[in-house]
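Summary of the model geometry
The chain contents come next:
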Amino acid sequence: MIGVVVLAVLAGATWVYKPWWQPWWYARTLCGGALSGGDLADLLPKERLRAGEDTFGSGDGTSVACEVDRPDGYHYVLRAEATTDGAEPDGPLDLEFTIPRDPQYLYSREIPGFHGNLGPMIVQDCPALGRDAEGRIRRLVTNVYSLAVERKPEATPARMAVQIANRANDELGCGAARLPVPDRLEPAHRLSLRQARATMCGGLARAALPRSPSGKDWQVLAPTGGRAPISSCSLVDSGTGRTAATFTGWYGDWTDKPFERLLGANVQIPDGHSVRDALLGENFGRATARCAGESANFLVNSYAPHGTGPVLPMSELRALLGVFAKEEAGRRGCDGLELPGRTVYPAQDR
């Protein structure tokens, strides 16, 4: 009888302390042991949870996933997945970018990714896997989804994404370089034009720039490195602190559909032109090229607050888009660069 009572007490204690010990148990047993118990303890809700799907170590060959679920088994609180078919239609990149938009929370230059709409996303080329049947570079795309982190570009989910990416890279034979696990996320700092000349945005810093809206000096945001999956440079008006124009480079055939949707929905395209062309709209401009046998698209955005039109006219930004695209194409060995003409095409009627 005494033994039964002791067992009941232990069971009750286990139930009480389960929220305390379960993150470390999940760290040991799920996701190929890639995750940190301390990070899981920071992120998981303090309630009774259960182990969900876990395909790490399954030998699938193209993707792995793991998750922690609520007790009902139908809703996850954390899901991590990585796939080497990440650039496929309806894949994670397509879902993240229905149209191309400026990634708001780019990670450091050592981590090729950003915090997207649904959480961290890391994109790596897989040199050991060659190309797919369509001739496209295979890319490892890693995501971490959690209701707790969707809008929070914090270090904990970023660390998780890097840990999953490194583990998946090994398991799926991607052959990408191992990524450093970040202690913290450092925001990009505004640089003077002189400081920016040593970055990948140096071409813009050396170019003949239009007058800023405030009349004060321009500053540059240069958050990405030369091999980022989506590269970015921004011109910031030091007088207002606002971004006046952002230049981004997008690499891989997966980028074509988002750009076609962007142009088709926002620009009146005349006869003789198509959504595949390099051209200028009222708020953005597009250039195109071929990089490593795949599409590359270059975008300049200049959206004013409250939708009142561009901060800078596209006629002034056309030459700067050319500077950015030419530097990016030269850095990545691209060819077939096409820049938009001088015509600024009107927006679609609403």
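Details of the structure are given in the entry above.
Residues numbered from 1 in each chain as written. Predicted model: local features only at pLDDT ≥ 70, side-chain atom pairs only at ≥ 80, totals over all residues. Heavy atoms only, no water.

Our focus in this paragraph is the nonpolar core. For soluble globular proteins, nonpolar side chains are generally found buried alongside one another. Of all hydrophobic cores here, the largest spans 35 residues; its most connected members are Leu-40, Leu-44 and Ile-164. Contributing elements (two or more residues each) for this core: helix 1 (2-29), helix 2 (37-43), strand 2 (63-69), strand 3 (76-83), strand 7 (139-145) and helix 4 (155-172). No other element matches helix 4, which puts eight residues into this core. Not counting residues up to four positions away in its chain, the partners in contact with Leu-44 are Pro-23, Tyr-26, Leu-49, Val-68, Val-77 and Leu-78. Leu-191, Ala-245, Ala-287 and Val-300 belong to the second largest nonpolar core, which has 31 residues in total. (Core = buried A, V, L, I, M, F, W, Y, C linked by side-chain atoms within 4.5 Å. Buried < 20%, exposed > 50% of the residue type's maximum accessible area, 1.4 Å probe, protein only. Helix = DSSP H or I, 4+ residues; strand = E, 2+ residues; numbered from the N terminus. Contact = heavy atoms within 4.5 Å.)

Here is the key point about a regular strand: its side chains alternate between the two faces of the sheet. In the sheet, strand 8 (residues 191-192) pairs with strand 9 (residues 218-221) via two bridges, with the strands oriented antiparallel. The residue bridging Ser-192 from the neighbouring strand is Gln-219, located in strand 9. Pairing between strand 9 and strand 10 (residues 230-237): four bridges, direction antiparallel. Directly across from Leu-221, in strand 10, lies its bridge partner Ser-234. (Pairing = 2+ DSSP bridges.)

We now examine empty space enclosed by the protein. Applying the stated rule across the entire model yields two cavities of 30 Å³ or more. Here the second largest cavity is characterised by a volume of approximately 50 Å³. What lines the second largest cavity is simply Tyr-26, Leu-30, Cys-31, Leu-35, Leu-40, Cys-66, Glu-67, Val-68, Leu-78, Arg-79 and Ala-80. Among the secondary structure elements, those contributing two or more residues to the lining of the second largest cavity are strand 2 and strand 3. (1 Å grid on protein atoms, 1.4 Å probe; cavity = no way out; pocket = protein on both sides within 12 Å on 5 of 7 lines; lining within 4 Å. Points joined across faces, edges and corners; volume = space filled by probe spheres on them.)

This paragraph deals with the pairing of strand 7. Along strand 7, seven of the seven residues are buried, which leaves the element largely enclosed by surrounding structure. Neither face of strand 7 is left uncovered, since the one carrying Arg-139, Val-141, Asn-143 and Tyr-145 and the one carrying Leu-140, Thr-142 and Val-144 both have all their residues buried. Bridge analysis of strand 3 against strand 7 gives five bridges, and the strand direction is antiparallel. Along strand 7, the bridge assignment pairs Thr-83 with Val-141. By the bridge criterion, five bridges tie strand 6 (residues 119-125) to strand 7 in an arrangement that is antiparallel. Bridge pairing in strand 7 places Met-121 opposite Asn-143.

Nothing here speaks to function; it is all geometry.
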